Structure formats: C-alpha cells, structure tokens
Protein chains: 6
Amino acid sequence: MDILVVNCNTSASMTEAIGRTASRVARPGTNIIPVTPYWGVSSADGFYDSFISAAAVLERLTTYPDHFDGVVLAGYGEHGREGARQLLDVPVVDITEASAMFADLVGQTFGVVTSSDIAISQVRQSLQACGLLSRCCGVRSVGLPVLDLVAAGSAGRAPFVAAARELIDQGAESIVMGCAGLTTAYEDLVRELDVPLIDGIAAAVSLCESLVHQGLRTSKVGSLGRPDLRKPRPGWAREGGRRAEFDEQPVER
Amino acid sequence: MDILVVNCNTSASMTEAIGRTASRVARPGTNIIPVTPYWGVSSADGFYDSFISAAAVLERLTTYPDHFDGVVLAGYGEHGREGARQLLDVPVVDITEASAMFADLVGQTFGVVTSSDIAISQVRQSLQACGLLSRCCGVRSVGLPVLDLVAAGSAGRAPFVAAARELIDQGAESIVMGCAGLTTAYEDLVRELDVPLIDGIAAAVSLCESLVHQGLRTSKVGSLGRPDLRKPRPGWAREGGRRAEFDEQPVER
Amino acid sequence: MDILVVNCNTSASMTEAIGRTASRVARPGTNIIPVTPYWGVSSADGFYDSFISAAAVLERLTTYPDHFDGVVLAGYGEHGREGARQLLDVPVVDITEASAMFADLVGQTFGVVTSSDIAISQVRQSLQACGLLSRCCGVRSVGLPVLDLVAAGSAGRAPFVAAARELIDQGAESIVMGCAGLTTAYEDLVRELDVPLIDGIAAAVSLCESLVHQGLRTSKVGSLGRPDLRKPRPGWAREGGRRAEFDEQPVER
Amino acid sequence: MDILVVNCNTSASMTEAIGRTASRVARPGTNIIPVTPYWGVSSADGFYDSFISAAAVLERLTTYPDHFDGVVLAGYGEHGREGARQLLDVPVVDITEASAMFADLVGQTFGVVTSSDIAISQVRQSLQACGLLSRCCGVRSVGLPVLDLVAAGSAGRAPFVAAARELIDQGAESIVMGCAGLTTAYEDLVRELDVPLIDGIAAAVSLCESLVHQGLRTSKVGSLGRPDLRKPRPGWAREGGRRAEFDEQPVER
Amino acid sequence: MDILVVNCNTSASMTEAIGRTASRVARPGTNIIPVTPYWGVSSADGFYDSFISAAAVLERLTTYPDHFDGVVLAGYGEHGREGARQLLDVPVVDITEASAMFADLVGQTFGVVTSSDIAISQVRQSLQACGLLSRCCGVRSVGLPVLDLVAAGSAGRAPFVAAARELIDQGAESIVMGCAGLTTAYEDLVRELDVPLIDGIAAAVSLCESLVHQGLRTSKVGSLGRPDLRKPRPGWAREGGRRAEFDEQPVER
Amino acid sequence: MDILVVNCNTSASMTEAIGRTASRVARPGTNIIPVTPYWGVSSADGFYDSFISAAAVLERLTTYPDHFDGVVLAGYGEHGREGARQLLDVPVVDITEASAMFADLVGQTFGVVTSSDIAISQVRQSLQACGLLSRCCGVRSVGLPVLDLVAAGSAGRAPFVAAARELIDQGAESIVMGCAGLTTAYEDLVRELDVPLIDGIAAAVSLCESLVHQGLRTSKVGSLGRPDLRKPRPGWAREGGRRAEFDEQPVER
C-alpha cells in the first residue's frame, strides 16, 4: 500500500527525516511516500504557522497526482486534520492523535514535550479537539523553536530529557515527542527514559496501515462528507498546481 | 477607530452584506473596512473550506497595507482566530465566540442554527476551543450549504425558524445565527422568535470596539506571542501581495 | 442610556470608586448611575457575605424608582446575577463574567487575583456557573480581606503583582482583577504587568452598553422568565422601600 | 441531638409538612426543630426567589437564639448552602445534594422532577456547584409553580409520575423529588414508580444525623472559614432580630 | 439491622480492625458482621489486586448464607461496587464514594491520602466512575504498600500527616483516609490535622444504615438489574461455596 | 509474534469465533492464540459478570504457561484492562478502547450498539475510564443478552441495524460493535450501513501488533508497575492452575 507522509513544513531535510522514520517502521509491502508542501512555513511554531501549514498541506493533497491508500499528517499539534479527512475517502492519521492513542495504551497518563512555549496551547487544543486530552497530565516545552531544536541535534536532548522527567515526576506514565523534528533523536531519547516514549510518526504510520488493512475509510456521512469540489475556490489548487507559482525551492535548513 | 471586518470567503456580495451590518451597528467614530480575501473559497462549508479560508484570511491580514485598530473575523465557525491573534497586536474578535458571549449574557443556554450538517461538528469544535461550549444546548442546521442558504433569501427563513424553535423546545433560551450570510435576514428572523437572536457580526463589532476603547490588546506572552516573521515562509505573503497572482476577481454570487 | 452600576456592598467610598471607573470608560451618551444597597455588607468576603449582598442588591433593584436601560453588577464573584436577570428585562452584566469574556478575547488562558483565600472557591463557582471556568488557569489571593486590601492602597499592589506573576509563570496569558475595590489601582497595576489586565467594571459597562446598543434584552423564555410579583414575599421590597428602615447611613470606610 | 430543619420559604404549612417528614425519618434521640424564615418568599420559584430565600434563611440562622447540632436546608435547588456552612461550625446539609447522593447510591443515573421550567437551570447549577451533576441524566418539570403544585395535592401526582417515567425512559435509574413541597406525596408517588424515589428531606436529615454522629463539622480552613462578624453589616441581623420588623405573620397557603 | 462489612482482602486482622470501627460507629440496633473473602489478596495494591479482590468479594456475597440488610464494601478504591449492587437488592455502600460524599458535605474540596503511588490512578478512576471526582483536588500517597503501612503503625502517621498537609496547602479543605487499614489510626490522625478527616468505614456504615432506614434499595431498572443467575458460570460460587476449596486459612499479618 | 486473544467468557464457540476474526485480520507472521478462561461466566452481561470475568481472565493470564508477545482482551466493555497491564510487560489491548480509537480516526463522533440495556452504563464507564467517552454520542442496545444475541444469528442483525441507524440519525458518524459475539456478523452488518463499522477484535489485534512492532511495552513507572507477586494471594493462581479444580468443561452454547 502507498502511504503519503506529509510534512507540515517546507524543510526538505525534515521531510527526509520523517520519511526515514516512516520507512523504518512501515510493514513489508508498505510504500512510504514523503511529501513536502509546495509553499508554507519552513517550520510550524504556534497557531499562525499552523494555519498556514494546514492550507498548504491541504492544497498538496488536493492536487496530488498519483495514487495513495492513506495519509499521515506529520506535523505535531498542527491544524488541518479534519479538512484532510473531509477531502479524502482514504484514511488520514495525524501524529498528534496517533501518539496520544499509543500513549493511552501503555500508561494511565501521558505527558507531551514540545518545542517552544508558543506551542503549548495549540497542542492542548488539538488533543481536546480529537477527544484525547483527558489523560494528558501536562505539556512542557524545551524552550526552542522547531528549527533551533532540530539544529541543536544531540544538544537538544538534555532539555528534552529534563522536561520529560519533570512530567514523570508529576505523574506522567509515558512521554510523547511533541515535535516531528525530534524523530531522528528517538533512539537516543528512549534510552534516557524509564517510561515508554512515543514517536508520532511511527504511531501514525502504523495506525494508517492498520486502517487500510481493516478496510476502514473515513465516514462520508456527517461532518466529514466530501466537499463540493465544483464550488468556486478562487486561486486554490489551480490547474498545474501551485508548484509553478514558486520559483523558490522548498527551504533547506 | 478603523476596524477590518474580514469575510472568510471570496464572495463580494457577502462581504458587502457583512459590511452593511457592521456599519449599521458600529458606534459613531468607528470606521468599518470590509475586507475580502484574495483567494480561497466562495463559501465555507465544513472543515476543508474552513482551513482554506483561515490561510487566505491570515494572508490578507499579513499583507494588509493600511492602518487598522482591530479585526473582526466574520466567518461563523471558521478557523484562524488564534492565528490572527498571534500575528497582530490589535484585538481580533471572531463572530463565533462573540455571539456565544452575548448569548450567555441574555440566557442560561443557547442554541445555534447553522447552514448544513457538515458544519455542526466544526461549530462545536470552535466553541469548545474558545471555552464556550458548556452552555450551548444544541447545534442544528437548516440543511442548506451557505451559498444556497444565502441565495434562498426569504425562503431560507422558514427552515431557520423551524430549527430555532426545535432548539427552544429543547431548552435554548437564546438563538445564535450560525452563518454570517444570514445577517441580512436578521430583522425578519428576530420578529419570528420570542427569544433573543444574536447576530455574530453585530456582536463582534461591538466587542472589538470595546476592546479598543478599553485599550486591551492581545497578550504577547505565551501562545499568542508574535510569530518570527524573518523565518522563511516560501510562497507566503510575497512581495506585492497575492492579488497579482489571481486574474480572477473575487467570485460574485 | 442610563446604566445602574450596583455596588454589592454598602461602602459609599467603594460605590464612588466604582462609579468613577464606570464613568471614565462609558461612551458619550451613557449616564452612569452608581447605586449602593440600603443594607447588607460593608464588604463581601466569601459565601456568607455574598448571599447577603445578593439579596440586598436584588431588593435595591426591585424598588429602584427611576428609569434605567441596563445594570452592571459590580461585585466580583458575588451571587445574584441570574436573579437580577430574572427580575428585569433590561440587560444585566456581572463583572465576573464580563472580565472573563474579555480575558478570553486577549489570551488563551487567564488567571484571577482576588482578595483573600476565602473567596477562591466562590470565584471558581461563579465562573463555572456562567460557563467560563475552562480557560481559567488559576485563582490566587493576595491574602487580605476586601476592606484591608482597599485600605492598603498602593501598599496592596505589591502582593497583587506577585500573585499575578505566579499565575503568569503557570501559564496565564492575561490577568483579571478579582475584586472591584482594586479598580482605583488599575493604572498602576497595568504598568507592572506585561500581559493584559482586565478590570471587570470597565468590561461590564462596555458589555452592557453593547447589549443595549444591539437591542438585546434578557430572554424571558425559560429559567429567566419574570418572577410572579403578585406572590406574597413577606418583608420583601415593602411599600416605601427599605431605606426608611435603616437609620444608619451606608457604611463609610 | 437538635437539628434545625429550615424551610426556604415563609409558608407555615410547608414548614409543618417538612417538619413532619423530618420527624418521621429522624432517629430516636434526634429532635427536629422546624424553622421558618421571618421574611422572604411564600415559595421559591427560580433564581430571584432563591436568592431572596438564601438571605432570609441565613439571617434566621445568624440570629437563631438556641442551641442546635446541625442544620438541614429544606429548599430544593435553592441558594445559600455554602453561606450557611461558612457561618456555622455544625454540619449543614442541603436537600439538593443529599438527595443526589442517595440517588447515586442506588442507581447509576438519576433524574430530577421539579415544579416549573423556571427551576430547571437553577437545579442544574446547584448540582454542578456541589459536584453532583455528572450522574444526573435529566431535569424535568411538572409545569406548576411550587404553591400550585402543593395546592394541587393528589392532582399533582399524575404529572409528576408522567415526568418521572419520561426520565426513566431516557435512562434514569432513580428519581429525585425536586421540590420540598412534594414531601407529603412521597408515599403515594413511591408506589407508582418501579425505581427508587428520593425525598431530599429524609435524605438530608439522615446525613445530618450521620455527620453529627461521626463528629464531623464543617472545615474552617479555606473557603468556609468563619466570616468576620465584627465587620459592619448595616441592617443585617440587627439587635432584636428582624421578627419585630414584620407585622405580617408567615404567609399561610 | 444486619450490615455485612466486607473486607476486600483476606487479612483477618484487617477485617477485625474494620469491624471494630464499624461497630464503634454503628447505631444502636445495628449488627455489624465483618466478612473476609475466602480467597483473594492479602492486601489490595493497585489494579491487579483490585480486580482479584472484586471477584472474591462478589463470590463471598453470592454465597453468603445468612440474612443481611445492607453491605459495606471496605476496600478503598477497589473495584466491584456496581457488581455487588447488581447482585443484591439491599443497599451496597463503598467506602470510596461514602468518604467522598462526607468530604463534600464539610468542605468545598477534598484531598485523598492513600498508601502507595500504584493506587493513585485507581483511586481517581473510582471517584470518576461514581461521579465524585470533580471536587477532589489531589490524591497523594505515603509511599508504602498497604501491608507495610498497616504494619508501620504509629510510624506510618508522620508521612500521612505530611501528605495531608501538602494537600491542604494546595487547597484541600478536608482529607479522606484512602486506605481502610488506616482506620485504627483515625483518633491519632484527626488530632494532627486542622481540617475534617474522613474515615470511609464510618462514612459507609452510616450511609448504609441510612439507606436501610429510609427503605431505599438498589434500582433494578437499568444497569443494576439482577443478573440472570441461571446462566452457566462455570467454577463460580459452587455448591458448598469456595471455602472448602482452600485449606489455607485467611492470611494473617 | 504470538498474541493471546482472551475471550472474557467461557463459551468455547465464542472463543473460536473471536479467534477466527483475529486470525483473519492478523498480519503475516502473527500467531493468534485464542484463550478461554478456565472458569467464570458463559457470557458477560453487566457489571456483576464483568467483574467475575475480569478475575478469571487475570488468573488465566497469570498462569499462562507459554510465551506471548501481546494480549488482546476480547470482552467489549468488560473490566480487567488495567489489571492485565499491571501484571504484564507486554502490550495489552482491550477491544473497547481499540474500537473507540479507530472510530475516532474515521469520524467525528461514534455510536455503540451493545447487547442489552444492562450493559449501557458499564460501556460508558469503560470508555470514560480510558479517556475516550467524549466523542461517543450514544450507546444503544438491541435488547438481547449476549448469548441470545449470538444465538439469534442473522435474526439479530435487524435490531442491530435499527439501533445503529438511530445513532446515525442522532449524529453518529461511525458505529462500534459493542459485543464481541457479533464479530461473525461483521460482513453482513457492514453492508447494511453507510458509515464505517468497527469490530473491536480486528481493531485490537491490529493495535497489539503495532505496539509489538514499535517495541512499545506497558509503563512500569506509576500505576501499572508490577504487582508484588510474593505477597500472599490465598487461593489465587495456585500450583497446577485452576483447570484441575473444575470438572466442567468450558460451557458450549
């Protein structure tokens, strides 16, 4: 099966890292297709970026030319989840809810460690919207914007571990990595913690495979029913896609 | 004071209707500036459209060239609220939360009548996100997409009144008009109901004036802190704005 | 328009201070009428005082002889709100909910700084009753009963600022002044904090003006329907009012 | 032990009926002292009456001249509970919460049948304030103000049973009598229903006896700490009490 | 009346201690019958033990040969409550909910001090299931498994008092003893605290007496309707009971 | 990998049916091991049966002699989940939460169709305990105990479909099969409904495979830490297991 794994930002290196994790955890027979939006944000920090990335991701999905069987939305805490589900019939899994689900399966409470304080309210809102906030016992940040956190590499691990331990002291029985850019650090971080650590990319790929495998598709009765695609949407998803509009390449950091 | 009243969709007639209501309710000295996004959706029905409109509205605000003292977001149930607040220092008021606040002030419970079923979950999510769901006792639709509801004119009023009365029978003590396009029907609808009817446009303009008047601006400490505008956002809010990108005019219906 | 601004206690100096704030924030054309109950409490600290003040305020409103277009209830966290709404058709706005509404409009979470610990549970109950507790991230006190806090004048500001900063450290993005008596300190306090500070008097006057301006009145269908005023209420709101009963003047502190 | 059973209204016949139930259910050694407020409402229907009755009851308790070991507040859904607890050290039990507690002990969900629609929101607010709303699956009224319901006598039972059955159809596993005036009909009503029926008077007397028996008194640390009784409360609980103020006798209906 | 007080574990000394408390608080005419399960756990620490004890207690109740008028389940936080209610018509009171109810009656918030961290989530879940979590402001442990806590005797009191004081500092207005084994320490602990201390055994015995006294029995309409006892339950509650199966005596510690 | 799929009841035919579904949905390389408790209930209807089954399942897991990599608990709405997690390090997935998670991934709200009314409260409690109740918009029964529902075969489908359609009319966007015994009817039922239908067995097997695949094991820090297995548990999980105790074979229906 073909699964699109859509980075929420335009940083090609992050798409690549996400794709590597996805490919590593995918089952035999799953073809991971990493996707970068054509426009948007080089990283998503807070609500403003999140809404930009949501539209960029939705446009990428609207104009995606080839076959796919499912979608993973790889932006932790980012918007757009329900929009992608409305657009598509195939399953759409967001790393925010996927990681919370696995956290719920391995502990009675979970904590989230995210990038900067600006993301905390957004993360809580996303968990509340998908009905998974009640067992979250805290969201803490390492105090670095996404790009800085990713750039910090191994230097970013110490504040992550410190924040995770504070959450554990407050009762968290598992920890969720609240930033897709941390996926490359998973192996290092998991060794430092004595509670389960959840990587949303792995979690979402697995759930997406599972939905496809079970033949479950998004409900088209009710709030996720197909949008009327004949209705005018000026400047949206135009003939030829938006790629042509931008002479910039996807940003590299 | 100058207040931008931003339609969430590209239908110029709807912007005009919204602007008329806003101007009618504005206090002396308030200058209402109706704004249409350069691109987006001709109407917002459900999550997919909502996320498109959120980005289009945010881009319009990001590149808006002139002075303004406050913003009204005139899409009922639409996304983007917290993004606009993060972007700007001046007050931003969304008609969804504004109307719920006034509903709370005149009754112990309120009901929302919206356009089509596809919007119901989105409306509930928006009210939950802004902390105002607990006194909402129901969301019902008239079963028409926004453009059809607006086009129906006076023919759309009967199903609105019927839905409102069902909500009142279930305990709603006031009714919120859950679609900005209904604003022109306010005078007719209010006569049909024996409970207060809230028009989000009027509610939001009034709250926005009030925030400016009190000197209250959006908190920049925490989750609504200014986005880093030097960070690359490829294809976003480019030099010259997006207007040039689209040869289409804003859609007229 | 004429707006009654009803102090919840009998301290004339507090009524005067509240009236000054109300007059300062009122729009041109708004006539602020400060009102003191004829009997009750010299200050309201906790549930016992709150219920006394509620009845005293309601009796004052029941027997108020002259015209008014709206009412502001100026006791932070005090009871009576829904009773006044039931009694009257004109809008009634309580400073507790008004300030929470403006706090919600300028930040994702708010904290309340109130007078003494005895008020904390009452404040939370009032916010819960009006459906606005979910975004309150904490209520803290400065540890002084209302009269002492007011008497402390500028000496009371330091503990207020300290409590506010603790709330901000815990994630509060705006601060609500949880005591009407603090209104005179607003200008000083706002300078000390880097988040929005909400004064309930200003907030409520503005909302009340707005309700009158929009023509919104309290719903008379359901739980706020007019009380049967012909039913015997012995000793309540008697002929000639209660003024005559008390030879004391309103308490001055 | 001496237990004051305080009617929330001034109708002597209702005090007497409440006292009869209380005496019937009291244990040997318990002395029931029925108490009528000196002023207030002949019946409490809705928020306005409820706040009046709260102050009248609190004043009665403040000036009560003789010894008592505990208090039952016998107004269903009425305010004042936390105020009486703050005033007194001895236990105070309100029939609203007492009946919900017993309902919780005999079924997974309960329904409340109250007098008129005007009381519904108030009942829900009272249950929410005491933390017992989550297992209430509905509040319905028989559509009669309290005095009419009491006057109806056996004619009032049919609508009560009808409302109770609707609640049972919706999943209520027990029914709470949401009006103290119904206490005389208990024996008749219980025969008509195949689920447990809870009379708040019986429930509260029993809990009050139990608190006294266990030596539990109200916490004086925190929000229920004793009010400062030296603080001026003009016109409140004056020398000689209020009895002298009213030449009317408690209203009889 | 005869009340079974069922220890959740097999430790005879704990049954005896529980029985002593129950007898001490029982009213004249109440006959306390302490009961030990025939099999199960020597103490219940956490979910695993709790589910074992639930079945052992239910089997003991299913095969109990003699008359009884009510049941007290004396395991704090343990499962089985709703199962016993379904099995029996007579009242069943669990010490977890009983103590929370009395805590609610004497303070606005309560804290629970339990044995070890492993119990915290279970306690919260039990309170949530019976609808009494909302006024619990914290659950803390003394860090000792039940048997060690009981064995510690007076040495266990210092950590209890320390944990209770932390909860009081955080706003708890009363404290619940979150372990039945602490019942013998009640008199010592109550002296150390300046807020009410609730012993679930006393609370539950009193509520059970009260239910019997009021003639209230468990609802048999809905989720607590009698189980079909003719349905095969292999190995369950067999002829002769399970006593014969175990040559061990109930464990003594 | 080896996954135990544990029936909650002793009906061998139901174990077999559950095992067939599990094997059908399992990935290549997954070895499904259907397991029947040695004792317990021939079917689990309501709380009483549920607690019996929980202990029987836990004892079966405690004494299971061979290797396994994960566990699926195949009783819808049954207790024991957290106990099995505490006992084991390998992942444990309960069909109740697994099906709710997949329902959340394909629709904004879900409804549950269960066997008889007696199960409704238990289902809600189980969803609340695992934090997944907030998006459940209703639980309805077909009005048949489990064994009758299974025996009804195709005749049981009509009431299932009717109940599902009522839930869809009330806003359910997907339907969960709230009884493991329905698993054989999945193919027929899915054809009748135009919303996704979730079979908990398939859902849980898939999640369990996924947890094993990701290397996630249950947190042993906090409430799911290993029980002290040296502590006396008289009559529990004895040498030789319990199989020898029962001459009955697992019940066949």
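Structure's up top.
Residues numbered from 1 in each chain as written. Chains lettered and ligands numbered in written order. Predicted model: local features only at pLDDT ≥ 70, side-chain atom pairs only at ≥ 80, totals over all residues. Heavy atoms only, no water.

1. Comments concerning the overall build of chain A
So, step 1. In terms of helices and strands, chain A carries nine helices and eight strands.
So, step 2. Taking 253 residues into account, the globule formula puts the C-alpha radius of gyration at 18 Å, and chain A, at 17 Å, falls close to it.
So, step 3. Each principal axis of the C-alpha atoms in chain A carries an extent, and together these give about 55 × 40 × 35 Å.
So, step 4. Sequence-distant contacts in chain A: of pairs separated by 6 or more residues, those separated by 24 or more amount to 72%. (Helix = DSSP H or I, 4+ residues; strand = E, 2+ residues; numbered from the N terminus. Rg over C-alpha atoms; globule rule 2.2 N^0.38 Å. Contact = heavy atoms within 4.5 Å.)

2. Concerning the relation of the copies chain B and chain A
Note that the two copies of the chain are related through a rotation about an axis and a translation along the same axis.
So, step 1. Once chain B is rotated about the relating axis by 180 degrees and shifted along it by 0.0 Å, it coincides with chain A to within an RMSD of 0.0 Å. The relationship between the two copies is best expressed as a two-fold rotation axis. The rotation axis passes nearest to the C-alpha of Ala 55 of chain B in chain B, at a distance of 3.0 Å. (Least-squares fit on C-alpha atoms with pLDDT ≥ 70 in both.)

3. Observations regarding the packing of helix α4 (residues 95-106) of chain E against helix α9 (residues 200-214) of chain E
Residue and element names in this part refer to chain E.
So, step 1. Here α4 crosses α9 at 90 degrees, and the two axes come no closer than 8 Å. With respect to α9, the element α4 is oriented roughly perpendicular. Across from Ile 95, Ala 98, Ser 99, Met 101 and Phe 102 in α4, the residues of α9 making contact are Gly 200, Ile 201, Ala 203, Ala 204 and Leu 207.
So, step 2. Its residues assigned to classes, the contact of α4 with α9 shows eight nonpolar, two polar and no charged. (Axes fitted to C-alpha atoms, helices over the stretch in contact; angles between N-to-C directions. Parallel < 35°, antiparallel > 145°, perpendicular 65-115°, else oblique. Nonpolar A, V, L, I, M, F, W, Y, C, P; charged D, E, K, R; others polar.)

4. With respect to the interface of chain B and chain C
So, step 1. Each partner contributes residues to the interface: chain B has 46 residues there, and chain C has 46 residues.
So, step 2. Approximately 3700 Å² of surface area, both sides summed, lies buried where chain B meets chain C, with 57% of it carried by carbon and sulfur atoms.
So, step 3. Remark: the boundary between chain B and chain C carries zero salt bridges.
So, step 4. Linking chain B to chain C there are 14 residue pairs in polar contact (both at pLDDT 80 or more).
So, step 5. At the level of elements, α3 (81-87), β4 (92-94), α4 (95-106), β8 (197-198) and α9 (200-214) of chain B are the ones that each hand at least two residues to the side of chain B that touches chain C.
So, step 6. It is α9 of chain B that contributes the most residues to the side of chain B that touches chain C, nine residues altogether.
So, step 7. Taken together, the residues of the side of chain B that touches chain C sort by class into 24 nonpolar, twelve polar and ten charged. (Buried area = accessible area lost by both parts, 1.4 Å probe. Salt bridge = Lys/Arg side-chain N within 4 Å of Asp/Glu carboxyl O. Polar contact = N/O pair within 3.5 Å; in protein donor to acceptor, adjacent residues only side chain to side chain.)

5. Structural notes on the sheet that holds strand β3 (residues 70-73) of chain D
Residue and element names in this part refer to chain D.
So, step 1. If you walk across this open sheet you meet the four strands as β2-β1-β3-β4, and the pairing is parallel. Either end of the sheet is taken by a strand with one partner, and the two such strands are β2 (31-35) and β4 (92-94). Each neighbouring strand pair of the sheet contributes to a mean axis angle of 20 degrees, computed without reference to strand direction.
So, step 2. As defined by bridge partners, β3 adjoins β4 across three bridges and the pair is classed as parallel. Within the sheet, the bridge partner assigned to Val 72 lies in β4 and is Val 93.
So, step 3. Seen against the sheet, helix α1 (residues 12-25) touches β1 (2-6) and β2 and runs at an angle of roughly 165 degrees to β2. (Pairing = 2+ DSSP bridges.)

6. Overview of the interface of chain B and chain A
So, step 1. Taken together, the contacts link 49 residues of chain B with 51 residues of chain A.
So, step 2. Buried surface at the junction of chain B and chain A, summed over both partners, amounts to about 4000 Å²; 60% is from carbon and sulfur atoms.
So, step 3. Between the two partners, chain B and chain A, sit six salt bridges.
So, step 4. A salt bridge links Asp 49 of chain A to Arg 233 of chain B; the nearest nitrogen and oxygen atoms lie 2.7 Å apart.

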